[in-house]
Each structure stands twice: as C-alpha cells, then as structure tokens.
Amino acid sequence: GLLTIRRVTWDFSDQVHCDRPLQVRGRRLYKTRQQRSSATGVYGVDHRLELKVCESLPQVRSRLEGWPSVSEALLHGELRTCTLVITSPAGGQDKLAKLCVATSHPAFVAFAPEVGAGGTEAKVRYDPSSEVLTIEDCTASELRIPVTLRAERVGRHVIRFCMLAVAPSAA
C-alpha cells in the first residue's frame, strides 16, 4: 500500500494545539518554454511524504556483548572486541531479505567481515564509502556480528547503532 502524510499535529505544553497541513511542492520544471515563462512556476509531483507500506515487517532485537560499561573508561587507541547480537523474537520465522547496520561513529567501530549465523550462509558486505554493513539472505534466528571498538578520541562519546530490516517481499 501507500501511506501519504498530509498534516502534522502537536500540542505545546498541553495548552496550545497546533495543526499544520503539509504542502510540499516538487522540483521546478524548466523543460518547456511555458514552464520556464510561468510567473507562478510549474512544479512536478513531490513523493517525499509518500511511504510504501509492506505487508509485514520482520521484528528484530539487538544487544551488545562485551561492550564497556558507562563507568569503564577506555584508553586512547585501545581496542575492545565486542559482539553485536541480532535476534528474531519470532524464533527465526521472520526471514530477512536484507539487514543494514550503520553507526553514528564509524571511526570508533569496525565490523568484521565474517558473521556467525548459526550454520546458515548469509551474504555479508561492508561498503566503506557509505560505512554500512549489509547482510542478505539470512534465515538464522540469531546473528552474531563481531565488532571492534576503538577509542579514537579522548572524551565521553555516545555511539548509536541504526538497523534496517527488510522483508523479502519489499526487497
């Protein structure tokens, strides 16, 4: 299906109710003389607020094993081996066509090329230009991704991971 976002509504301090329609114009069209000479402009259709909805989305959960605690400090340049564990709460019933993993601090985190998937084969590739780890055709209920944490800079840092799970029909 297709979900179109038409307006945004919010409350400010539970006292002021705001409601704004979202009217986004597409790119200005300049191909014909009539489009170029129009005083108001001729604009194309904008699809940025249209979301494709798939039938079902695979559910995944993640945890980090071996990650340093908040009170634990790392020395500058120190390496720590950790494991990003991604599990399916449905016990492997949700097949993943693709799983993409990215991090907020790519200089601090390195993904290993091999992924333990409980005896099943999965296509794993890391794109250094986009700094995204992509795992395709995985049927295991648990993925174990080796991660190396490196204290790149001095100071306290919050490192976030972002995962995108894609269902087979949406791929």
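Up top is the structure.
Conventions used here
Residues numbered from 1 in each chain as written. Predicted model: local features only at pLDDT ≥ 70, side-chain atom pairs only at ≥ 80, totals over all residues. Heavy atoms only, no water. Helix = DSSP H or I, 4+ residues; strand = E, 2+ residues; numbered from the N terminus. Buried < 20%, exposed > 50% of the residue type's maximum accessible area, 1.4 Å probe, protein only. Contact = heavy atoms within 4.5 Å. Areas by Shrake-Rupley, 256 points an atom, 1.4 Å probe, with all protein chains shown as cover. Pairing = 2+ DSSP bridges. Axes fitted to C-alpha atoms, helices over the stretch in contact; angles between N-to-C directions. Disulfide = S-S within 2.5 Å. Phe/Tyr/Trp six-rings, centres within 6.5 Å; stacked < 30°, edge-to-face > 60°. Lys NZ or Arg CZ within 6 Å of the ring centre and 35° of its normal.

Considering the overall build of the chain
Along its length, the chain carries 1 helix and 12 strands. Across the chain, helices and strands are ordered from the amino to the carboxyl terminus as β-β-β-α-β-β-β-β-β-β-β-β-β. Here the chain, with 171 residues, has 25% of them falling under the buried criterion. For the chain, the proportion of contacts with a sequence separation of at least 24, taken over those separated by at least 6, is 65%. Carbon and sulfur atoms make up 51% of the accessible area of the chain, which amounts to about 12200 Å² in all.

Some remarks on the sheet that holds strand S9 (residues 123-127)
Sheet architecture is open: 4 strands sit in the order S9-S10-S7-S12, paired in antiparallel fashion. Among the strands making up the open sheet, the edge pair consists of S9 and strand S12 (161-166). Here the strands of the sheet are splayed against their neighbours by 15° on average, with no regard to which way each runs. With 5 bridges joining them, S9 and strand S10 (residues 132-138) adopt antiparallel strand pairing. Each residue of the ladder has a partner; that of Tyr126, found in S10, is Leu133.

What about the state of the cysteines?
A complete count under the given rule lists 0 disulfides for this structure. Just so you know, Cys162 is unpaired, no disulfide at all, and the nearest cysteine sulfur is the one on Cys100, 9.2 Å from it.

Some thoughts on the packing of aromatic side chains
Evaluated as defined, the whole model comprises 3 aromatic pairs. An angle of 75° between the planes, with centres 5.9 Å apart, marks the rings of Trp67 and Phe161 as edge-to-face. Residue Trp67 is found in the loop between strand S5 (61-65) and strand S6 (79-87), and its partner Phe161 is found in strand S12; the two are separated by 94 residues along the sequence. Looking at Phe161, the relative accessible area reads 24%, which means it is partly exposed. Consider the rings of Phe111 and Phe161, whose centres lie 6.4 Å apart with planes at 65°: the pair is edge-to-face. In this pair, Phe111 is assigned in strand S8 (residues 109-111) and Phe161 in strand S12, connecting sequence segments 50 residues apart. Since its relative accessible area comes to 12%, Phe111 is described here as buried. Among the aromatic residues, those joined into a cluster by ring pairs are Trp67, Phe111, Tyr126 and Phe161. The ring of Tyr43 has Arg25 sitting right over it, with the charged end atom 4.1 Å from the ring centre. Just above the ring of Tyr43 sits the side chain of Arg28; from NZ or CZ to the centre is 5.9 Å.

A word on unusual backbone geometry
What is expected of a backbone is that most residues other than glycine have negative phi and most peptide bonds are trans. One non-glycine residue, Ser13, adopts positive backbone phi at about 55°. By the secondary structure assignment, Ser13 is in the loop between strand S2 (7-12) and strand S3 (16-21). Overall, Ser13 belongs to the exposed group, its relative accessible area being 52%. Its identity is not glycine, yet Asp14 carries a phi of approximately 55°, on the positive side. Among the structural elements, Asp14 can be located in the loop between S2 and S3. In this structure Asp14 comes out as exposed when scored by relative accessible area, which is 75%.

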